[in-house]
Amino acid sequence: MTQKLKVGIVGGTGMVGQRFVDLLDQHPWFEVTAIAASASSAGKTYEQSVQGRWKLTSPIPEAVKNIVVLDASKVEEVANQVDFVFCAVDMKKDEIKALEEAYAKTGTPVVSNNSAHRWTPDIPMVIPEINPGHLEVIAAQRKRLGTETGFIAVKPNCSIQSYVPALHALLDFKPQVVIASTYQAISGAGKNFTDWPEMLDNVIPYIGGEEEKSEQEPLRIWGSIENNEIVKANAPLISTQCIRVPVLDGHLATVFVSFENKPSKEEILERWQQFKGRPQELGLPSAPKQFITYFEEENRPQTRLDRDIEQGMGVSAGRLREDSVYDYKFVGLSHNTIRGAAGGAVLIAELLKAEGYIQAK
């Protein structure tokens, strides 16, 4: 590419917005040219707007420090400065739906980190290695929204990234029942230990709405397009428990699974090792070279040691063994704010660009 696409980050001052800013610094295809947030942040430089609440360990990128933050509700003003936007706002679902559709109707593609549109029938919810074909529904969505170039694509919940890729590589064996418990980092709630000291030396056995997302969203990802809508799959049956643990970044899952056609352990490990998707075929900038990494050590993957594998864009697995109740059990791990949030959305945008859905205005 000779000229980078101009990117806006709507909701750029929150934790996920900050991660977008960090990941897009020096990106080979994209350049942040606009940042939008609430009216209270509008008019300040980005550095001023996040002063005292920058949550990442890396410093604020120099390229964005002096960008003047715009009011996210002034859709036309933001849209006129960019080719597409990432959206990571903290608002009520109905408000997010309306805001994202307003951006799309200006002809601006929206790649959303929010959950509001995950079940809108003609909006694709994508893990790029798993269901890139769902992007085909965008044509019908554009017709509904009355735009030739705008649309919305969304990223699924962060919790499912730790086990769905490993299961997807085994779909040929027809998984029937999946039991998963996720042990989720506090950054998934947009917090660190300074914000949330109550999490030190503590485990909370409930995360609002998370178990329903973890059980249902994989079925939509494995679903099919029928009559210009995405229809969720009927199997496997998934049951989850989602638990908040005193970890800054990284969601770990323990998984039990039974198959219609039980594979051997060697077959599972071979599928994980060899699994590649569209991002690897296209050589997208943020795509992990090895999507699923398996650790032979009994005490891996560990959140602290392994969450950053492949710059946080890979997922890892370990402790695969036969089970006395189900066929197999294993442990999975993913970085929740990189692969599970901003990084996953950046990879979706790269796929959309490579497949011709996002272009310079």
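Owing to the predicted nature of the structure, the values given are computational and were not obtained by experimental measurement. (Residues numbered from 1 in each chain as written. Predicted model: local features only at pLDDT ≥ 70, side-chain atom pairs only at ≥ 80, totals over all residues. Heavy atoms only, no water.)

## Some words on the environment of aspartate 306
Locating aspartate 306 in the fold gives a position in helix α11 (residues 303–306). Considered as a pair, aspartate 306 and histidine 335 are 29 residues apart in the sequence and their alpha carbons are 8.7 Å apart. Sequence-distant contacts of aspartate 306, defined by excluding residues within four places in its chain, comprise Phe295, Arg300, Pro301, Ser316 and Leu333. (Helix = DSSP H or I, 4+ residues; strand = E, 2+ residues; numbered from the N terminus. Contact = heavy atoms within 4.5 Å.)

## A few points about the side chain of glutamate 129
Summarising the element assignment, glutamate 129 is placed in the loop between β5 (109–112) and α6 (138–145). Those residues in contact with glutamate 129 that lie beyond four places of it in its chain are Phe275, Gly277, Arg278, Pro279, Gln280, Pro288, Phe291, Arg339 and Leu347.

## Quick look at the sheet that holds strand β10 (residues 237–244)
Taken together, six strands build an open sheet; the order of strands is β10-β7-β11-β14-β13-β12 and the sheet is mixed. Both edges of this open sheet fall to β10 and β12 (292–295), since each of them pairs with a single strand only. Averaged over all pairs of adjacent strands, the angle between strand axes in this sheet comes to 20°, irrespective of strand direction. One ladder, built from five bridges, connects strand β13 (residues 315–322) with strand β14 (residues 328–334); its direction is antiparallel. (Pairing = 2+ DSSP bridges. Axes fitted to C-alpha atoms, helices over the stretch in contact; angles between N-to-C directions.)

## Concerning the nonpolar core
Counting residues in hydrophobic clusters, the biggest one holds 55 residues, and the most contacted among them are Val10, Tyr103, Tyr163, Trp222, Trp272 and Phe330. What tyrosine 163 contacts, discounting residues up to four positions off in sequence, is Ala180, Thr182, Ser214, Pro218, Thr240, Ala253 and Val255. The next biggest cluster of nonpolar side chains, apart from the first, holds 44 residues, and it includes Trp29, Ala37, Tyr46 and Leu352. (Core = buried A, V, L, I, M, F, W, Y, C linked by side-chain atoms within 4.5 Å. Buried < 20%, exposed > 50% of the residue type's maximum accessible area, 1.4 Å probe, protein only.)

## Quick look at α6
What sets the pattern is the α-helix's 3.6 residues per turn: residues three or four places apart point alike. Of all the residues in α6, the buried ones are Ile138, Ala140, Gln141, Arg142 and Leu145. Turning to α6, the residues buried within the fold contact α5 (93–105), β6 (151–154) and α12 (338–354). Of the residues one or two after α6, glycine 146 is the one with positive phi, at around 75°.

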